Amino acid sequence: MVAFVEGKLSSQGLKFALVVSRFNSFITDRLVEGAVDAIVRTGGSPDEVSVYKVPGAFEIPLVAKKLAESGDYDGICCLGAVIRGSTPHFDFVASEVAKGVASASLETGKVISFGVLTTDTLEQAVERAGSKAGNKGSEAAMAMIETVNLLNAAG
Ligand code: INI
């Protein structure tokens, strides 16, 4: 018999940190709302959520890693918005934050989910921050919740 193991979507009794960039805050504030909503809808308490603000997406991995090492949180969710616009900065910031978050998670063994938008236009970011393409903050929080429970089930 094949054993399929999945993490349940329950935040009950769990403690989370959100690491969010202030850059493009009109987008990232919506991602935070989506993430908190996902936690509360799955039985979590807003009192068990701490939001750490960083200047830009580039600063997210360092703070996420430090929080993961602290052992104070069951899961960490990273939220940001890197928008190509006309800045050559885009490719560097987008690739470093993705690599940095993945490394922080693997190096600490902690769930650190990735809810950093990387879009070509502001319109695409708006679509993914609570309008027609959903809310990526909520999706990243759901992925964090499921993976925390899966790791707990795996023992
Ligand atoms: N930071 C973002 O979060 N989003 C962006 O779109 C962005 N762009 O395009 O420049 C951005 N840059 C700032 C960067 O994250 C750092 O804060 C900065 O380089 C200082 O280290």
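Residues numbered from 1 in each chain as written. Predicted model: local features only at pLDDT ≥ 70, side-chain atom pairs only at ≥ 80, totals over all residues. Heavy atoms only, no water.

What to know about the site of the ligand
Around the ligand sit 13 residues in total, of which Ala57, Phe58, Glu59, Ala81 and Ile83 are the nearest. The contact in question runs from an oxygen atom of the ligand to an N or O atom on the side chain of Glu59, over 2.5 Å. In the environment of the ligand, an oxygen atom lies 3.2 Å from a nitrogen or oxygen atom belonging to the side chain of His89. Compared with its free state, where it exposes 460 Å², the ligand has 79% of that area covered by protein. Within the residue set of the shell around the ligand, elements represented by two or more residues are β3 (75-83) and α3 (89-108). Examining the composition of the shell around the ligand, we find that 3 residues originate from one element, β3, more than from any other. Tallied by class, the residues present in the shell around the ligand amount to 7 nonpolar, 5 polar and 1 charged. (Near = heavy atom within 4 Å. Polar contact = N/O pair within 3.5 Å; in protein donor to acceptor, adjacent residues only side chain to side chain. Areas by Shrake-Rupley, 256 points an atom, 1.4 Å probe, with all protein chains shown as cover. Helix = DSSP H or I, 4+ residues; strand = E, 2+ residues; numbered from the N terminus. Nonpolar A, V, L, I, M, F, W, Y, C, P; charged D, E, K, R; others polar.)

Let's talk about the packing of aromatic side chains
For the structure shown, the criterion picks out 1 aromatic pair. A ring pair is formed by Tyr52 and Tyr73, whose centres lie 6.2 Å apart and whose planes are at 85 degrees; its orientation type is edge-to-face. Of this pair, Tyr52 sits in strand β2 (residues 49-54) while Tyr73 sits in the loop between α2 (60-70) and β3; the two residues are 21 residues apart in sequence, bridging distant segments of the chain. Overall, Tyr52 belongs to the partly exposed group, its relative accessible area being 30%. A residue is classified by how much of its surface remains accessible, and Tyr73, at 6% relative accessible area, is buried. (Phe/Tyr/Trp six-rings, centres within 6.5 Å; stacked < 30°, edge-to-face > 60°. Buried < 20%, exposed > 50% of the residue type's maximum accessible area, 1.4 Å probe, protein only.)

Comments concerning α3
Helix length check: α3 (20 residues) gives 28 Å between terminal C-alpha atoms against 28 Å at 1.5 Å per residue, within 8%. Within α3 the residues assigned to the buried category are Phe90, Val93, Ala94, Val97, Gly100, Val101, Ala104 and Ser105. The buried side chains of α3 occupy one side of the element, clustering within an arc of 140 degrees when seen end-on. Facing away from the buried side of α3 by over 90 degrees, the exposed positions are Phe92, Leu106 and Glu107. Along its buried surface, α3 packs onto α2, β3 and β4 (111-119). Following α3 by one or two positions, Gly109 has its phi on the positive side, about 70 degrees. (Expected span 1.5 Å × (residues − 1). Arc of directions from axis to C-beta. Contact = heavy atoms within 4.5 Å.)

Scope: geometric values only; no functional claims are made or implied.
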